[in-house]
Amino acid sequence: MTHPPTMQLFAGVDTHADTHHAAVIDQLGRHLADAGFPATTTGYHALQTWLARIGDITAIGVEGTGSYGAGLTRHLHAAGLTVIEVNRPDRKARRNHGKSDPIDAYAAAAAVASGRATATPKTGDGTVEAIRVLKIARTSAVKDRTATINQIRTLLITAQESLRTPTTHLNTTALITHLSRLRPGTDPANQPLNATKTALRALARRYQLLHQQTTELDKQIGTLIQATNPELLQVYGAGVETASQLLITAGDNPQRLRTAASFAALCGVAPIPATSGKTSHRHRLCRGGDRQANRALHTIALTRMSHDPRTRAYTTRRTAEGLSKKDIMRCLKRYIANEIHRILTHQNTTQPTPTP
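This structure is a prediction, so every number in the text was calculated from the model and none was measured.

> Quick question: what am I supposed to make of the overall build of the protein here?
The secondary structure content of the protein amounts to 13 helices and 7 strands. Contacts in the protein between residues far apart in sequence, at least 24 positions, make up 61% of those at least 6 positions apart. Accessible area for the protein stands at about 19300 Å²; split by element, carbon and sulfur atoms hold 53% of it.

> Explain the pattern of salt bridges to me, please; I cannot follow it from the model alone.
When charged atoms on two side chains of opposite charge get close, those side chains can pair. This model, assessed by the stated rule, comprises 9 salt bridges. Among the ionic pairs, Asp26 bridges to Arg30, the shortest N-O distance being 2.5 Å. Asp26 sits in the buried class, given a relative accessible area of 2%. Arg30 sits in the partly exposed class, given a relative accessible area of 44%. The salt bridge partner of Glu129 is Arg132, with a shortest N-O separation of 2.8 Å. Pair noted here: Glu129 and Arg132 are both in helix 5 (residues 127-158), with a separation of 3 residues, about one helical turn.

> How should helix 7 (residues 172-180) be read in this particular structure?
Residues spaced three or four apart along an α-helix face the same direction, because each turn holds 3.6 residues. Buried within helix 7 are the following residues: Leu175, Ile176, Leu179 and Ser180. All buried residues of helix 7 fall inside an arc of 125° around its axis, so they share one side. On its buried face, helix 7 is in contact with helix 5 and helix 8 (191-228). Where helix 7 begins, the side chain of Asn171 points an oxygen toward the backbone nitrogen of Thr173, at a separation of 3.3 Å.

Rules used throughout
Residues numbered from 1 in each chain as written. Predicted model: local features only at pLDDT ≥ 70, side-chain atom pairs only at ≥ 80, totals over all residues. Heavy atoms only, no water. Helix = DSSP H or I, 4+ residues; strand = E, 2+ residues; numbered from the N terminus. Contact = heavy atoms within 4.5 Å. Areas by Shrake-Rupley, 256 points an atom, 1.4 Å probe, with all protein chains shown as cover. Salt bridge = Lys/Arg side-chain N within 4 Å of Asp/Glu carboxyl O. Buried < 20%, exposed > 50% of the residue type's maximum accessible area, 1.4 Å probe, protein only. Arc of directions from axis to C-beta. Polar contact = N/O pair within 3.5 Å; in protein donor to acceptor, adjacent residues only side chain to side chain.

Rendered as structure tokens:
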């Protein structure tokens, strides 16, 4: 089945773990065809061939380009096709129109054809993708390390006096070293003491392993950041954790974020109007966007408010003008987002950054 070359065709794909369902509509929104394919390399090739048989596809809307649709998105990008990221329908839309794979696939195609979906997805095929997967492992190690030290301190609260007293004034490093060298005895009369020693030694050694993993992952992530965009680590208040998150948010193709405003919206720091009645010219913090990127910008802003003389002077001046701390933080985060966007997209990075 082919269609006139003047007729624009749009495709949509509803993605799942094991299968993908594709649908095609024309520029008038008429449903032309739909089919299911396995979520494998063979299935990706079959989907591409099926689309080519229908006609020249203007753009393909894919749901879940960062999850179930990641593999398909990479395949379509490699084939030179235009891929648009489509958000999944909200609950209200699904209540009104129902839920099925063909319905969702046609809805994705309609979102692209109407211009409601315009976001370019991450390519996920470069150094930033490597940083992302390493950061997942690092985040898990840090979380487990924190849980481990909390378990150790909880055990010490109820431990025997002979175990608790020597550790009272030890910092974390000394405490872990001390507990990792404990030697449980074998006397049956001291089973609770021996069991506590065994547990504390096991937890201490687990903490050491997790700390070693975190250190190694930090080193690898830092090396990748240096190879990708070393200027990020020169930003006042930014470290490996925040720089890696901002790179992950932008993706391997940061040029998809055409303006500083688009990056600010992605990070949830674009100003939201909050004007009503007698309250005018007021904005509030945005609660949407990538919350991890928002957290990274928040960390940078807090560091600057505490240690950067320019930012402290700015905070003092704006406070005197009547702005609340939340309003000042909103302004700072948006300013930092603009600075980060210039570095990510290499726009005017050699120019001095204006004082906020």
